[in-house]
Amino acid sequence: MSSCRALQSLNLEDCDQLIYLTIIHSQLRSLIIVLCSSVVSVCIHADNLESFVYKGQKINVEYEYAPFLEELLVYFVEKNECPLDFVSALPKLSKLDRLVVQFPTRLHVSRALQHTVRFAALKTIMFILVRSWKESICSIAYLLKAAPSIEYFGLYGCTCKLREPSGLNMTWPEDLTLSRLDTIMMGGFSGESELMELLYFLLRRAPALQRLQLETGSMDQWFSRWKKHKLQDEARCRYAREMASAHLAPKVPSTVAFTIT
């Protein structure tokens, strides 16, 4: 591959015979590795790499050289595997601007992320939660604390079932002010108590917030295929909108554009 000097984008998908992958290329801009089930390690030496997308189980990644990486998308699919182990193993990426992470299970943030401003240059963070986090949702706030320059925060859940409000014992990080955060986008919102508490917390800590958008539509497309499921999903969406209108809307400052769909 290193002799293909015109190559700028490499997409490897379902390549089950790959085990040890080494990327050495001076012109490569985009690297995508998706569901290559046998891969155990990836070594990257790419002078001009700007975007890296990985989806699959936990692997070892070595960044020998990738100084201009701006976009990192990590989608873990195996239960009890933490994509932050993947991210925290990387060297300090001074140019990293956009981070998208999928968590297959709930998470307790490691101390390394709680006490280190690791993502100082990050402006956009999007988290995808495959399962409900309940009290562990506080970990999201600790992750945001490691990214003080964040401007856009997106959280996407895959909840399909209507859940009644429940009492939660939350412990939020102290001394957190997201002074540059101007947009919060939440997809797959079902009116969950933990997500409501997270939004209450963020509204108190984001003085520059300009836009808050909630989307109640299910992220699980199969859920709406059958009439029964469609009716259940419509009831869930209606409940979520009612919860947001009744409890969240009164806490949103008048300077924030608030929409619920």
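1. Some remarks on the overall build of the chain
For the chain, the count of helices and strands is 5 helices and 13 strands. Every one of the 261 residues in the chain was classed for burial, and the buried ones make up 49%. In the chain, of all internal contacts separated by at least 6 residues, the share reaching a separation of at least 24 is 60%. Entry remark: accessible area of the chain is about 13200 Å², with carbon and sulfur atoms responsible for 48%.

2. Focus on the sheet that holds strand E4 (residues 41–46)
Across the sheet, which stays open at both edges, the 3 strands sit in the order E2-E4-E6 with parallel pairing between neighbours. On the outer flanks of this sheet lie strand E2 (20–25) and strand E6 (60–65), each paired with one strand and no other. Taken over all neighbouring pairs, the strand axes of this sheet differ in orientation by 10° on average, direction set aside. The sheet contact formed by E2 and E4 spans 6 bridges and is parallel. What sits directly across from Tyr20, in E4, is Ser41.

3. Points about a nonpolar patch on the surface
A grouping of Ile19, Tyr20 and Val40 is seen on the molecular surface, where their side chains present a nonpolar patch of about 320 Å² in accessible area. Assignment of secondary structure puts Tyr20 in strand E2.

Thresholds, definitions, all that
Residues numbered from 1 in each chain as written. Predicted model: local features only at pLDDT ≥ 70, side-chain atom pairs only at ≥ 80, totals over all residues. Heavy atoms only, no water. Helix = DSSP H or I, 4+ residues; strand = E, 2+ residues; numbered from the N terminus. Buried < 20%, exposed > 50% of the residue type's maximum accessible area, 1.4 Å probe, protein only. Contact = heavy atoms within 4.5 Å. Areas by Shrake-Rupley, 256 points an atom, 1.4 Å probe, with all protein chains shown as cover. Pairing = 2+ DSSP bridges. Axes fitted to C-alpha atoms, helices over the stretch in contact; angles between N-to-C directions. Patch = residues over 30% accessible without salt bridge, like charges linked within 9 Å, V, L, I, M, F, W, Y side chains within 5 Å. Salt bridge = Lys/Arg side-chain N within 4 Å of Asp/Glu carboxyl O.

So, to be careful, I would describe these as geometric facts and stop short of saying anything about function.
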